[in-house]
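# Report on the structure
Residues per chain are reported as follows:
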Amino acid sequence: MTAAFRQMNHTDIPSGLLLCRNNNWNQLARDWELFLTLSPDDCRVAIENEKITGSVTTISYQRKFSWIGMLLVDPSHQRKGIGKKLLNEALHILRNEETVKLDATPAGRELYKQLDFKDEYQLLRMQNVTTATANINSTATPLQKNDLYKIIAFDTIVFGANREALLQWFWEGANEFAFIINENHSVIGYCLGRRGYHFNQIGPVVANSITQAKQLVAAALNNCNTKPVIIDALLHNSEWVDWLKDIG
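Here's what I pulled together on the structure shown here. Since the structure is predicted, the reported quantities are computational estimates derived from the model, not experimental observations.

## Considering the packing of helix α2 (residues 29–38) against helix α6 (residues 164–173)
- Running from N to C, α2 and α6 point in directions that differ by 155 degrees, and their axes come no closer than 12 Å. With respect to their mutual orientation, α2 and α6 come out roughly antiparallel. Crossing handedness for the pair α2 and α6: right-handed. Along its contact with α2, which presents Arg-30, Asp-31, Leu-34 and Leu-38, the element α6 presents Ala-165, Leu-166, Trp-169, Glu-172 and Gly-173.
- Here the residues of the contact of α2 with α6 are counted per class, giving 5 nonpolar, 1 polar and 3 charged.

## Structural notes on unusual backbone geometry
- Cis geometry marks the peptide bond from Gly-203 to Pro-204; its omega dihedral reads 5 degrees.
- Mapped onto the elements of the fold, Pro-204 is located in strand β10 (residues 200–207).
- For Asn-49, which is not glycine, the phi dihedral falls at a positive 55 degrees.
- Looking at where Asn-49 falls in the secondary structure, it is placed in the loop between β2 (44–48) and β3 (51–61).
- Residue class for Asn-49 comes out exposed when judged on its relative accessible area of 56%.

## Quick word on the pairing of strand β9 (residues 186–194)
- Extensive coverage of β9 is indicated by the burial of 8 of its 9 residues.
- Bridge count for strand β8 (residues 179–183) against β9 is 5 bridges, and the pairing is antiparallel. By the bridge assignment, Asn-182 is partnered in β9 with Val-187.
- The turn joining β9 and β10, which pair antiparallel and follow one another in sequence, is formed by 5 residues.

Cut-off values and rules
Residues numbered from 1 in each chain as written. Predicted model: local features only at pLDDT ≥ 70, side-chain atom pairs only at ≥ 80, totals over all residues. Heavy atoms only, no water. Axes fitted to C-alpha atoms, helices over the stretch in contact; angles between N-to-C directions. Helix = DSSP H or I, 4+ residues; strand = E, 2+ residues; numbered from the N terminus. Parallel < 35°, antiparallel > 145°, perpendicular 65-115°, else oblique. Left-handed = near helix turned anticlockwise from the far one by under 90°. Contact = heavy atoms within 4.5 Å. Nonpolar A, V, L, I, M, F, W, Y, C, P; charged D, E, K, R; others polar. Buried < 20%, exposed > 50% of the residue type's maximum accessible area, 1.4 Å probe, protein only. Pairing = 2+ DSSP bridges.

In structure tokens:
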């Protein structure tokens with residue numbers, strides 16, 4: 001039977017979670033709620049025999065660029081072309097956007113290359129299963145709700161678009177991982193994080209220097225308790241990756 005596609009809605013979140021668990025992904029219901037809040041009309045599910053067998057989400061950042069995410073297919077329905085069709089559904093939704101981005105796993109990268117996606121930069125997912133600790137002095141302080149407005153302009157320069165709603169979502173869901181560094185009343189670094197099914201994740205980490213980034217991550221790690229931790233590290237800076245390895 002050929003899969004059909006329709007708009008995803010909030011009643012589909014349990015099925016989305018089942019896709020995550022069956023694919024060993026980390027997302028929680030709160031993650032799905034975010035996608036459906038930010039893009040209520042532009043997320044899709046694949047249906048086969050009245051069962052949701054796949055998903056894809058899209059987000060547009062002020063028409064500056066867009067992002068495709070949560071491209072999932074139930075393992076029992078993989079290799080039927082559902083993933084490629086979902087990706088084409090997303091590209092159709094974003095057909096008027098100049099730039100479309102996504103994060104690619106090694107397996108997914110081959111599919112994306114077929115549709116003319118180009119490598120932009122490489123990420124290394126780094127994990128610590130026993131909870132890393134970084135014994136360094138940190139000038140980072142907890143990021144309070146009234147600090148959020150301070151980091152928006154700072155973040156926009158780095159990210160390339162305003163993602164205020166997303167930053168607030170991070171803080172509201174896991175403010176124990178939220179830290180900020182100020183210098184002369186100006187923000188020079190911050191980090192956020194989120195809770196997940198399998199592990200906590202620290203990021204984004206945005207800072208003017210490696211030293212500040214280390215201080216932010218060190219502060220966040222102290223609040224990770226005993227749950228495994230992951231960080232997605234950009235490979236262009238070997239000092240940063242080496243330091244993460246050094247702390248476990």
